[in-house]
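For reference, the chains in residue letters:
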Amino acid sequence: MRPSVTRYSDMPGPQHAWNRWWGDTALQKQRGVVQYTISPYQSKAAPKMIRSYIFNFYRRVSGEAVYFVVPFALGYGVYTWAKNRYEYMNSKAGHLASGEHH
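Just so you know, these numbers come straight off a predicted model, no measurement behind them. (Residues numbered from 1 in each chain as written. Predicted model: local features only at pLDDT ≥ 70, side-chain atom pairs only at ≥ 80, totals over all residues. Heavy atoms only, no water.)

A tally of helices and strands in the protein chain yields three helices and zero strands. Listed by position from the N terminus, the elements making up the protein chain come as α-α-α. Split into buried and exposed, the 102 residues of the protein chain put 4% on the buried side. Here the protein chain displays about 10300 Å² of accessible surface, and carbon together with sulfur accounts for 63% of that area. (Helix = DSSP H or I, 4+ residues; strand = E, 2+ residues; numbered from the N terminus. Buried < 20%, exposed > 50% of the residue type's maximum accessible area, 1.4 Å probe, protein only. Areas by Shrake-Rupley, 256 points an atom, 1.4 Å probe, with all protein chains shown as cover.)

Let us now look at the packing of aromatic side chains. Using the criterion set out here, one finds two aromatic pairs in the structure. Judged by centre distance (6.5 Å) and plane angle (15°), the ring pair of Phe72 and Tyr76 falls under stacked. Linking Phe72 with Tyr76, this pair stays in helix α2 (residues 49–89), spanning four residues, or about one helical turn. Between Tyr76 and Tyr79, the ring centres sit 6.5 Å apart and the planes meet at 40°, which makes this aromatic pair tilted. You can see Tyr76 and its partner Tyr79 sitting in helix α2, three residues apart, about one turn around the helix. Among the aromatic residues, those joined into a ring-pair cluster are Phe72, Tyr76 and Tyr79. (Phe/Tyr/Trp six-rings, centres within 6.5 Å; stacked < 30°, edge-to-face > 60°.)

A surface patch of nonpolar side chains, about 350 Å² in accessible area, is lined by Val66, Tyr67 and Val70. As for its placement among the helices and strands, Val66 is situated in helix α2. (Patch = residues over 30% accessible without salt bridge, like charges linked within 9 Å, V, L, I, M, F, W, Y side chains within 5 Å. Salt bridge = Lys/Arg side-chain N within 4 Å of Asp/Glu carboxyl O.)

With 41 residues, α2 extends 55 Å between its outermost C-alpha atoms, agreeing within 8% with the 60 Å of an ideal straight helix rising 1.5 Å per residue. In the structure, α2 departs most strongly from a straight axis at Glu64, where the bend amounts to approximately 55°. (Expected span 1.5 Å × (residues − 1). Bend = angle between axes of the 7 residues up to and from the residue.)

Across the protein chain, the average pLDDT comes to 77, with 63% of residues at 70 or higher. Mean pLDDT values over the elements of the protein chain span from 51, in helix α1 (residues 5–9), up to 92, in α2. (pLDDT = per-residue confidence, 0-100.)

See the structure below:
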């Protein structure tokens, strides 16, 4: 049976592991570990990010607004009509108008 990857990481475990503990400087520098950095000129690419996100959000939502605003408005209109009709029909004037008497 071959050893698992966790066997070779050995966080607090034995001393013969590849990485004894995070930040342990007593170990030799590992081969194959590459560090990448970003140029300071490239790091300034984000100042307009929020502004572009806002306008992109508006553009995308306005294109889809028909698909959620119209059904919502229609549903809300039906809801308010039915609520008002229910209140009217259960009022004294509604009972007299429909010909029913309690």
